[in-house]
Amino acid sequence: MATTKTLLQNISSLVHNGIMTQGEAKKYRNRLNRQAQAEEHAAKVKALEPKAKEFMTPGVQYSISDLVLGLMGIKAPCHGYAETKQEQKFRDGVAKPLVKAVLEGMGATTVGTGAQTKYMVEPQLPALITLDEVDEA
């Protein structure tokens, strides 16, 4: 498949040659940009999953601020840090949704609502032993 850069150049060429209108080109450029952003987001989520599995102890409830601190190193006011508006905007708009996507991918359960929401990874149950395996031993 062609790269996004190549596709954008092809769209520009079609507009330049009068085959496509600016409105149609804008629609296709936006579609390509959304797809690239979705792929980038999925890559970030996948990269954070191993770190989340290592950080989270099964059965322990974590607040979103503690998870953002543990996974991304970003402190919140509840950790005694006076953040700027720009830092708050990044934490609320980028970091928290990213961590929530990681938790969703891991199958974490939520307890509570609103600011009191806690996230937890359920402890893994040991594998079941069948009667055949007991007889063999």
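Parameters at a glance
Residues numbered from 1 in each chain as written. Predicted model: local features only at pLDDT ≥ 70, side-chain atom pairs only at ≥ 80, totals over all residues. Heavy atoms only, no water. Core = buried A, V, L, I, M, F, W, Y, C linked by side-chain atoms within 4.5 Å. Buried < 20%, exposed > 50% of the residue type's maximum accessible area, 1.4 Å probe, protein only. Helix = DSSP H or I, 4+ residues; strand = E, 2+ residues; numbered from the N terminus. Contact = heavy atoms within 4.5 Å. Pairing = 2+ DSSP bridges. Phe/Tyr/Trp six-rings, centres within 6.5 Å; stacked < 30°, edge-to-face > 60°. Lys NZ or Arg CZ within 6 Å of the ring centre and 35° of its normal.

1. Describing the nonpolar core
Then, in step 1: If you look at the biggest cluster of nonpolar residues, it comprises 19 residues, and the most contacted ones within it are Met56, Leu67, Val99 and Leu103.
Then, in step 2: Among the elements that make up this core, the one with the highest residue count is helix α4 (residues 85–106) (six residues).
Then, in step 3: Ignoring any residue separated from it by four or fewer positions in sequence, one finds Leu103 in contact with Met56, Ile64, Leu67, Ala108 and Tyr119.
Then, in step 4: Counting residues in each nonpolar core, the second largest holds five residues, with Ile11, Val15, Met20 and Leu32 among its members.

2. Some thoughts on the sheet that holds strand β1 (residues 62–63)
Then, in step 1: With antiparallel pairing, the three strands of this open sheet are ordered in space as β1-β3-β2. Every interior strand has two partners, whereas the edge strands, β1 and β2 (109–111), have only one.
Then, in step 2: Here β2 pairs with strand β3 (residues 118–120) via three bridges, running antiparallel. Within β3, the residue paired with Thr109 across the bridge is Met120.

3. Some words on the side chain of Ser63
Then, in step 1: Within the secondary structure, Ser63 is located in strand β1.
Then, in step 2: Relative accessible area serves as the criterion here: at 14%, Ser63 is assigned to the buried category.
Then, in step 3: Beyond its immediate sequence surroundings of up to four residues, Ser63 is in contact with Thr117 and Lys118.

4. Focus on the packing of aromatic side chains
Aromatic rings in a pair are described by how distant their centres are and how their planes are angled relative to each other.
Then, in step 1: For the structure shown, the criterion picks out one aromatic pair.
Then, in step 2: Considering the side-chain rings of Phe55 and Tyr62, the 5.6 Å spacing of their centres and the 40 degrees angle between planes classify their relative orientation as tilted.
Then, in step 3: Taking relative accessible area as the criterion, Phe55 reaches 33% and is therefore assigned partly exposed.
Then, in step 4: On the basis of relative accessibility, which here comes to 11%, the residue Tyr62 falls in the buried class.
Then, in step 5: The ring centre of Tyr28 lies 5.2 Å from the NZ or CZ of Lys27, which sits over that ring.

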